[in-house]
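Analysis of the macromolecular model
Spelled out, the chains give:
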There are 2 protein chains.
Amino acid sequence: MRHHRDDVVRHAIDVLDAYGLADLTMRRLAGELDVRPSALYHHFRDKQSLLAAVADELLRRGARPLAGTAWDEQVVEICSGLRDALLAYRDGAELVSTVIAFGLGASRPYDDLVAALGPAGLGDELTPTAARTLLHLVLGHTLDEQTHLQAGSAGAIGDEPRPRSDFTAGLALVVDGIRLRAVARGSARLDQGA
Amino acid sequence: MRHHRDDVVRHAIDVLDAYGLADLTMRRLAGELDVRPSALYHHFRDKQSLLAAVADELLRRGARPLAGTAWDEQVVEICSGLRDALLAYRDGAELVSTVIAFGLGASRPYDDLVAALGPAGLGDELTPTAARTLLHLVLGHTLDEQTHLQAGSAGAIGDEPRPRSDFTAGLALVVDGIRLRAVARGSARLDQGA
DNA sequence: ACCTGAACACCGTTCAAGT
DNA sequence: ACCTGAACACCGTTCAAGT
């Protein structure tokens, strides 16, 4: 049976969710598609590109429209939505972190954060910094969280699972720091929780 | 020639720095030590444990005494020192991030941050959250930075390198957010830069 | 356009046995 | 205590050739 690129990506997500990132190999994926491993190289130049496409699809599936109007509400929505998207598939956080680190894809969340931060008036220098800081927080936290959630099945010894409020609290720290800079340029109120 | 554990770790750091994390394989390391790969399993139960020991040694070499007295000075020192330690060896940030994600070692920076944050009076719930948030920022940022620094030699297309001030600015954001919570419990001044 | 067959150059890990 | 020899069960990638 013949496939095209989208079939491969869909099957790759299934393999990811069922077996984890370490077992998402070209050979295993080819096996699931009932095809020789070399056939995959017709659709993707290498494994990194495949993983980038899988990460993009995972984020696309988790995408939600923004409801809030204020920049800080939107930032919290984007970050929470990203976390939910990462948690929706096994090893989602590890996959997206890897793809972002290699700089081959998964750039949507960063772009969305930059756009949402616009009205905060941080300036052209601080806005990308703030967006990256938020992104690092979400990826790092969710990677931690997902690793600990899955610690039962894997070999790693997990200490206590993260309390539910931990993500929100960490995010609020950073948003407050950003709000302080926005305030310095004279706009939002300082004491609203994130 | 016979080695013990410390020799293996030292050679592993050399291989890491010379060839990168992807080429720090058990087989290559064994080759450098002029030993069969199976000999390494006398010293370490698996590759993860070896990497954990390498990460700990890398952090040990980068350790510096704390000069500051105020908690926010100490936090900035710890984070900057961690960044410097990670940048001192090729793929240092990726190695330490991996080891921390697996929860097998490299816990010193987290412990130091928790200790430094003590006097901020954040409480038992927020202190670990703040420490993790800082750690995620430093690891994420430095991983980004190191990837872009090394982008010339690797295949990944790096966009512009991070501006020098980016790390400091991102760190200041988070420290300000923490300071705000410390202020809420009534201690430090709010307008001191990080 | 999509795939096979066959190969190349590797991996981590185990385990009995040696000194 | 530290190591060898040999094997097991895998990897990603290339490339000529097929339909």
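Residues numbered from 1 in each chain as written. Chains lettered and ligands numbered in written order. Predicted model: local features only at pLDDT ≥ 70, side-chain atom pairs only at ≥ 80, totals over all residues. Heavy atoms only, no water.

**With respect to the pattern of salt bridges**
Enumeration over the complete set of coordinates arrives at 24 salt bridges over all chains. Its salt-bridge partner being Arg181(B), residue Asp176(A) comes within 2.5 Å of it at the nearest N-O pair. On the criterion of chain membership, the pair formed by Asp176(A) in helix H8 (residues 166-184) and Arg181(B) in helix H8 (residues 166-184) is interchain, its members lying in two chains. A relative accessible area of 24% means that Arg181(B) is categorised as partly exposed. Two residues, Arg179(B) and Asp72(B), come together in a salt bridge whose shortest N-O distance is 2.9 Å. With Arg179(B) in helix H8 and Asp72(B) in helix H4 (residues 71-87), this pair connects stretches of sequence that are 107 residues apart. Under the relative-accessibility criterion, Arg179(B) is labelled buried at 1%. (Salt bridge = Lys/Arg side-chain N within 4 Å of Asp/Glu carboxyl O. Helix = DSSP H or I, 4+ residues; strand = E, 2+ residues; numbered from the N terminus. Buried < 20%, exposed > 50% of the residue type's maximum accessible area, 1.4 Å probe, protein only.)

**Observations regarding helix H7 (residues 123-149) of chain B**
Taking 1.5 Å per residue, 27 residues should reach 39 Å; H7(B) reaches 38 Å between its end C-alpha atoms and fits that length. Counting buried positions along H7(B) yields 20 of 27 residues, so the element is predominantly enclosed. (Expected span 1.5 Å × (residues − 1).)

**Topic: the interface of chain A and chain B**
On the chain B side, the residues contacting the 30 residues of chain A number 30 residues. In total, chain A and chain B occlude about 2,600 Å² of area from one another, counting both sides; carbon and sulfur atoms represent 61% of this. Three residues, Arg132(A), His136(A) and Leu173(A), lead the burial of chain A against chain B; their summed loss comes to 24% of the area buried on that side. Remark: the boundary between chain A and chain B carries four salt bridges. On the surface where chain A and chain B come into contact, there are 11 residue pairs in polar contact (both at pLDDT 80 or more). Per-element accounting of the side of chain A that touches chain B gives the leading share, 13 residues, to helix H7 (residues 123-149) of chain A. The class makeup of the residues in the side of chain A that touches chain B is 14 nonpolar, nine polar and seven charged. (Contact = heavy atoms within 4.5 Å. Buried area = accessible area lost by both parts, 1.4 Å probe. Polar contact = N/O pair within 3.5 Å; in protein donor to acceptor, adjacent residues only side chain to side chain. Nonpolar A, V, L, I, M, F, W, Y, C, P; charged D, E, K, R; others polar.)

**A word on the relation of the copies chain A and chain B**
With an RMSD of 0.0 Å, the fit of chain A onto chain B corresponds to turning through 180 degrees and sliding 0.0 Å along the axis. The operation mapping one copy onto its partner corresponds to a two-fold rotation axis. For chain A, the residue whose C-alpha comes nearest the rotation axis is Gly177(A), separated from it by 2.1 Å. Most of the interface of chain A is mirrored in chain B, where 100% of its interface residues again form contacts. (Least-squares fit on C-alpha atoms with pLDDT ≥ 70 in both.)

**Quick look at the protein's contact with DNA strand C**
DNA strand C sits among 19 residues. The nearest are His3(A), Arg36(A), Ser38(A), Arg27(B) and Tyr41(B). Counting only atoms of DNA strand C within 4 Å of the protein, the sugar-phosphate share comes to 51%. The separation between a base oxygen of DNA strand C and a polar side-chain atom of Arg27(B) is 2.5 Å. For the surface near DNA strand C, a count of residues per class yields five nonpolar, seven polar and seven charged. (Near = heavy atom within 4 Å.)

**Re the confidence of the model for chain A**
A residue-level look at chain A finds 89% of positions with pLDDT of 70 or above and a mean pLDDT of 91. Note that residues 154-158 of chain A has pLDDT below 50 and, in this model, four contacts with residues that lie over four places away or in other chains. (pLDDT = per-residue confidence, 0-100.)

**A closer look at the nonpolar core**
Core analysis: the biggest nonpolar cluster contains 114 residues, and Leu134(A) and Leu134(B) have the highest contact counts within it. Not counting chain neighbours up to four residues away, the residues in contact with Leu134(A) comprise Val75(A), Cys79(A), Leu113(A), Leu117(A), Leu171(A), Val174(A), Val175(A) and Ile178(A). (Core = buried A, V, L, I, M, F, W, Y, C linked by side-chain atoms within 4.5 Å.)

**Focus on helix H4 (residues 71-87) of chain A**
The end-to-end C-alpha separation of H4(A) is 24 Å, in line with the 24 Å expected for 17 residues at 1.5 Å each. Burial of H4(A) is extensive: 12 of the 17 residues sit out of reach of the surface.

**Describing the protein's contact with DNA strand D**
Near DNA strand D lie 19 residues; those nearest to it are Arg27(A), Tyr41(A), His3(B), Arg36(B) and Ser38(B). The sugar-phosphate share of atoms of DNA strand D within 4 Å of the protein amounts to 51%. Within the contact set of DNA strand D, a base oxygen lies 2.7 Å away from a side-chain nitrogen or oxygen of Ser38(B).

**Concerning the UniProt feature "domain: HTH tetR-type" (unreviewed entry) in chain A**
The positions UniProt marks with the feature "domain: HTH tetR-type" (unreviewed entry) are residues 2-62 of chain A. Overall, residues 2-62 of chain A shows 62% helix and 0% strand. The separation of its end C-alpha atoms is 28 Å. (UniProt positions renumbered as here; feature names shortened; annotations may be inferred.)

**Some thoughts on the packing of helix H5 (residues 92-102) of chain B against H7(B)**
Residue and element names in this part refer to chain B. The geometry of H5 relative to H7 is characterised by a closest axis approach of 8 Å and an angle of 145 degrees between their N-to-C directions. In this structure, the crossing between H5 and H7 has a hand that is left-handed. The segment H5 lies against H7, with Gly92, Ala93, Glu94, Val96, Ser97 and Ile100 engaging Leu135, Leu139, Thr142, Leu143 and Gln146. Grouping the constituent residues of the contact of H5 with H7 by class yields six nonpolar, four polar and one charged. (Axes fitted to C-alpha atoms, helices over the stretch in contact; angles between N-to-C directions. Left-handed = near helix turned anticlockwise from the far one by under 90°.)

**With respect to the UniProt feature "DNA-binding region" (unreviewed entry) in chain A**
According to UniProt, the "DNA-binding region" (unreviewed entry) feature falls on residues 25-44 of chain A. Segment residues 25-44 of chain A splits into 35% helix and 0% strand. End C-alpha atoms: 13 Å apart.

**A few points about the environment of Gly170(A)**
Secondary-structure assignment places Gly170(A) in helix H8. Using a relative accessible area of 2% as the deciding quantity, one classes Gly170(A) as buried. Sequence-wise, Gly170(A) and Leu134(A) are 36 residues apart; in three dimensions their C-alpha atoms are separated by 9.8 Å. Each residue touching Gly170(A), except ones within four places of it in the same chain, is listed here: Leu137(A), Thr129(B) and Thr133(B).

**Points about the packing of helix H1 (residues 5-19) of chain B against helix H3 (residues 47-62) of chain B**
Residues and elements named next belong to chain B. Where H1 meets H3, the closest approach of the two axes is 9 Å, and the angle between their N-to-C directions is 80 degrees. Taken together, the axes of H1 and H3 are roughly perpendicular relative to one another. Within the contact between the two elements, H1 uses Arg5, Val9, Arg10, Ala12, Ile13 and Leu16 and H3 uses Leu50, Ala53, Val54, Glu57, Leu58 and Arg61. In terms of residue class, the contact of H1 with H3 is built from eight nonpolar, no polar and four charged. (Parallel < 35°, antiparallel > 145°, perpendicular 65-115°, else oblique.)

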